[in-house]
Amino acid sequence: MENNDKNKRKKSFKFSRKKVCYFCINNIDEIDYKNTEVLSRFITERYKIVSRKASGVCAKHERKLSTSIKRARIMALLPFTINTKLKS
Ligand SMILES: [Zn+2]
């Protein structure tokens, strides 16, 4: 299906503005799960992990990032979801 492929390309054009991986730029190899300031850049307002396409993080760092975010959640540094406590 060549047509399908073309459509995909058009769609992904939206994302193709040059985004370089934040961690590569800053030479961060190990992502510290305690650094919530950085981690919070890569989660949505609903505390989901931002997709790689949207954040521009490379595959290598995306894996590390998701591990760090999960770790941070377990350490209660980041919430899993929005809970009622935050509403007040
Ligand atoms: Zn990277």
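Here goes a summary of the coordinates provided. (Residues numbered from 1 in each chain as written. Predicted model: local features only at pLDDT ≥ 70, side-chain atom pairs only at ≥ 80, totals over all residues.)

Turning to the overall build of the chain, a few remarks are in order. In terms of regular secondary structure, the chain is built from 6 helices and 0 strands. Counted from the first residue to the last, the chain has its helices and strands arranged as α-α-α-α-α-α. The 88 residues of the chain split such that 12% are buried. Intrachain contacts of the chain at a sequence separation of at least 6 include 70% that bridge at least 24 residues. (Helix = DSSP H or I, 4+ residues; strand = E, 2+ residues; numbered from the N terminus. Buried ≥ 20, exposed ≤ 12 C-beta atoms within 10 Å, placed from the backbone. Contact = placed C-beta atoms within 7 Å.)

We now examine the nonpolar core. Within the largest apolar cluster, 9 residues are counted, these being F23, I31, Y33, L39, F42, V57, L65, I69 and A72. Among the elements that make up this core, the one with the highest residue count is helix α5 (residues 59–74) (3 residues). Residues within four places of L65 in sequence aside, it is in contact with I31, F42 and V57. (Core = buried A, V, L, I, M, F, W, Y, C linked by C-beta atoms within 7 Å.)

Below, the discussion takes up the environment of V50. As for its placement among the helices and strands, V50 is situated in the loop between α3 (36–39) and α4 (52–55). Looking at V50, the number of C-beta atoms within 10 Å reads 16, which means it is partly exposed. In this structure the C-alpha to C-alpha distance between V50 and E62, which are 12 residues apart in sequence, comes to 9.7 Å. Excluding residues that lie within four positions of it along the chain, V50 makes contacts with F42, I43, T44 and S55.

Such coordinate-based values are descriptive only and should not be taken to indicate function.
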